[in-house]
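Listed below are the residues making up each chain.
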Protein chains: 2
Amino acid sequence: MLIVGERINSSRKSIARAILEKDKAFIKNEATIQTVAGADFIDINAGQFAGKETEYLSWLVEIVQEATHVPLCLDSADPEAIKAVLPLVDKPPMINSITLERRLFDTLLPVILGQKCKVIALCQSGRRVAQSPSEKLELAGELIENLTRSGLPIDQIFIDPLVFPLATDTGSGKATLAAISSIKTGYPGVQTICGLTNISFGLPERRLINRTFLVSAISMGLDATIIDPTDKQLFAALKAVLLIDDQDGFAQNYIAAFRQGHLT
Amino acid sequence: MLIVGERINSSRKSIARAILEKDKAFIKNEATIQTVAGADFIDINAGQFAGKETEYLSWLVEIVQEATHVPLCLDSADPEAIKAVLPLVDKPPMINSITLERRLFDTLLPVILGQKCKVIALCQSGRRVAQSPSEKLELAGELIENLTRSGLPIDQIFIDPLVFPLATDTGSGKATLAAISSIKTGYPGVQTICGLTNISFGLPERRLINRTFLVSAISMGLDATIIDPTDKQLFAALKAVLLIDDQDGFAQNYIAAFRQGHLT
């Protein structure tokens, strides 16, 4: 199970402030606490700053790499921003994200190939976003075919089947869970990833819904997730489901987390 | 999703005391709080009292039926005890439980048939207990074949694939989850049920493991569970997974539980 720490995102007010004020200590602390909590990648996003995104993302790359040995997840909707910061990155990063949209493909793929990047591929194209399990599987298939045909090894591809707010589509969680299972079965070797925040939008006790969905998704075969690993209850649920899913050896991580007081 | 409330079990000291002292008020309160928390069946068990089990189980039937309209789940390893108390029961009960063991079958089936009882059928025979997913599926198949051939409609059968302590078999949770899915696929119309307490035996923070396993199991298709519905965090996780699994209409139960302060 790979954990991508989501906290360094400019959509959060505290992060946007720290970026604007060049508050290195604040950003470094955000990187450190996620590292300590077990993040395998640290997501960095400066997407709030149109026109300045590349500059700010470059600064984040530099600062976060000073704070942690954990590799980065470069998070941008602008392929030029990702392309610009890639040469600054020490370790093979994760790219967040690519879709079937032509512009993304043509810009990103040439620079990604040969870099051992992991790539998050969203089940959407320019025209459409996959809603039903069969649409998600179909778009996943197109993504995998296009990416592998271009030379990207299948085990570097992380398909995100996408999940939408239950408040407007009560079937969206179930559809995404079914898609995780069918994508894993249909395309052996491919990985799956999912963010959690969308699903609970507009409902109360969002973190309860988010962590419950994570448990369900891991049971269906999810390989990676974009979360805040410092959320205590989410962390406890994660340790418990990895134990139940037999991904924890002889329960050593679960018991260590308990001894450190992280399960309550 | 059917909830069987597990609290009135003589293995709990407070219940054993109440039975011995004929403390009607205590037992009635246990029935009431589980009813209010949403139990669909109230399990009653007097199995601690060898020689007196039938007498005490009869008393429990009478007292619990005075307290609640919710039907009973008659819980005994002794088929004669179940047979003896069945005539006292107002509404079609659930029977907990039957196995492939000949003695159980021959004693219980004749009295169960024609009573519209729901029957919990454990994936074990006299000789063996199913460990792997394929063994669980095989024993489930034998149970279903024997029960339906005897005349029990398939939708009254609740297969319990059984789960064993992760502390001694780290693969047991995953095996049970896989079995739930394959039993549902292999035998359309049959129901599945599972208790939670076994899985966490010998590990810390047992209730965290129990409720996480419940979420996973419901995502795999579990139809019923034997739990303490008054456990607040378990209840919250249950409401959240039913929402995610699209078993909550337009989230009305989830939102009602939130308004009543039951999700935190």
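Quick note: structure is the one above.
The model shown is predicted, which means the values in this text are computed figures rather than measured ones.

About the cut-offs
- Residues numbered from 1 in each chain as written.
- Chains lettered and ligands numbered in written order.
- Predicted model: local features only at pLDDT ≥ 70, side-chain atom pairs only at ≥ 80, totals over all residues.
- Heavy atoms only, no water.
- Helix = DSSP H or I, 4+ residues; strand = E, 2+ residues; numbered from the N terminus.
- Areas by Shrake-Rupley, 256 points an atom, 1.4 Å probe, with all protein chains shown as cover.
- Lys, Arg positive; Asp, Glu negative; His and termini not counted.
- Charge placed at Lys NZ, Arg CZ, Asp CG, Glu CD.
- Pairing = 2+ DSSP bridges.
- Axes fitted to C-alpha atoms, helices over the stretch in contact; angles between N-to-C directions.
- Contact = heavy atoms within 4.5 Å.
- Buried area = accessible area lost by both parts, 1.4 Å probe.
- Salt bridge = Lys/Arg side-chain N within 4 Å of Asp/Glu carboxyl O.
- Polar contact = N/O pair within 3.5 Å; in protein donor to acceptor, adjacent residues only side chain to side chain.
- Phe/Tyr/Trp six-rings, centres within 6.5 Å; stacked < 30°, edge-to-face > 60°.
- Buried < 20%, exposed > 50% of the residue type's maximum accessible area, 1.4 Å probe, protein only.
- Lys NZ or Arg CZ within 6 Å of the ring centre and 35° of its normal.
- Core = buried A, V, L, I, M, F, W, Y, C linked by side-chain atoms within 4.5 Å.
- Right-handed = clockwise from strand over helix to strand, strands pointing away.
- Least-squares fit on C-alpha atoms with pLDDT ≥ 70 in both.

Caption draft 1: Representation of the overall build of chain A. Looking only at helices and strands, chain A has 10 helices and eight strands in total. Expressed along its principal axes, the backbone C-alpha trace of chain A runs to roughly 45 × 40 × 35 Å. Accessible surface for chain A amounts to roughly 10,600 Å². Of this, 52% is attributable to carbon and sulfur atoms. Across chain A, 26 positive and 30 negative side-chain charges occur, with their mean positions spaced 3 Å apart.

Caption draft 2: Here's a closer look at the sheet that holds strand 6 (residues 157-160) of chain A. Residue and element names in this part refer to chain A. Ordered by their spatial adjacency, eight strands build a closed barrel running 1-2-3-4-5-6-7-8, and the pairing between neighbours is parallel. Neighbour-to-neighbour, the strand axes of this sheet turn through a mean angle of 25°, independent of strand direction. The pairing of strand 3 (residues 72-75) with strand 4 (residues 94-98) spans three bridges and is parallel. Bridging from a neighbouring strand, Asp75 pairs with Asn96 of strand 4.

Caption draft 3: A look at the interface of chain A and chain B. In this assembly, 35 residues from chain A lie in contact with 35 residues from chain B. Of the roughly 2,900 Å² buried where chain A meets chain B, counting both sides, 71% is carbon and sulfur surface. The interface formed by chain A and chain B contains two salt bridges. Its salt-bridge partner being Lys174(A), residue Asp245(B) comes within 3.2 Å of it at the nearest N-O pair. Counting across the interface, chain A meets chain B through 12 residue pairs in polar contact (both at pLDDT 80 or more). For the side of chain A that touches chain B, the secondary structure elements donating two or more residues are helix 7 (172-186), helix 8 (206-219), helix 9 (232-244) and helix 10 (252-259) of chain A.

Caption draft 4: Structural view of the environment of Asp78(A). Residue and element names in this part refer to chain A. Take Asp78: it is sitting in the loop between strand 3 and helix 4 (79-85). Along the primary structure Asp78 and Gly47 are separated by 31 residues, whereas in three dimensions their C-alpha atoms are 8.4 Å apart. Ignoring anything within four residues of it in the chain, the contact list for Asp78 reads Glu53 and Arg103.

Caption draft 5: Inspection of the packing of aromatic side chains at higher detail. All names here are of chain A. Enumeration according to the criterion identifies two aromatic pairs over all chains in this entry. For the pair Phe49 and Tyr56, a centre-to-centre distance of 4.9 Å together with 85° between the ring planes defines the contact as edge-to-face. Take Phe49: its relative accessible area is 13%, and that puts it in the buried class. Here Lys22 stacks its cationic end above the ring of Trp59, 5.2 Å away from the centre of that ring.

Caption draft 6: Examining the nonpolar core more closely. Membership of the largest hydrophobic core comes to 66 residues, with the highest contact counts inside it found for Ile209(A), Phe213(A), Ile209(B) and Phe213(B). For this core, the elements supplying multiple residues, two or more each, are helix 7, helix 8, helix 9 and helix 10 of chain A together with helix 7 (172-186), helix 8 (206-219), helix 9 (232-244) and helix 10 (252-259) of chain B. Not counting residues up to four positions away in its chain, the partners in contact with Phe213(B) are Ile244(A), Val163(B), Gly173(B), Thr176(B), Leu177(B), Cys194(B), Gly195(B), Leu196(B) and Ile199(B).

Caption draft 7: Summary view of the pairing of strand 7 (residues 191-195) of chain A. Residue and element names in this part refer to chain A. The pairing of strand 6 with strand 7 spans two bridges and is classified as parallel. Within the sheet, the bridge partner assigned to Ile159 lies in strand 7 and is Thr192. Taken together, strand 6, helix 7 and strand 7 form a β-α-β motif whose crossover is right-handed. Of the pairings in the sheet, the one linking strand 7 to strand 8 (residues 224-227) comprises three bridges and is parallel in character. Looking at the pairing, Ile193 lines up with Ala224 of strand 8. In terms of handedness, the path from strand 7 via helix 8 over to strand 8 forms a crossover that is right-handed.

Caption draft 8: The relation of the copies chain A and chain B, seen in detail. Overlaying chain A with chain B gives an RMSD of 0.0 Å, the required rotation being 180° about an axis along which the chain moves by 0.0 Å. Put plainly, the chains are arranged around a two-fold axis. No C-alpha of chain A approaches the rotation axis more nearly than that of Ser216(A), which lies at 2.6 Å. Comparing interface residues between copies, 100% of those in chain A also sit at the interface in chain B, which points to an isologous, same-surface contact.

Caption draft 9: Expanded view of the sheet that holds strand 5 (residues 118-122) of chain B. Residues and elements named next belong to chain B. What the eight strands build is a closed barrel, ordered 1-2-3-4-5-6-7-8; its pairing is parallel. Sheet twist, expressed as the average angle between the axes of neighbouring strands with direction ignored, equals 25°. Inspection of the sheet shows strand 5 paired to strand 6 (residues 157-160) by four bridges, in the parallel sense. Across the sheet, residue Ala121 finds its bridge partner in strand 6, namely Ile159.

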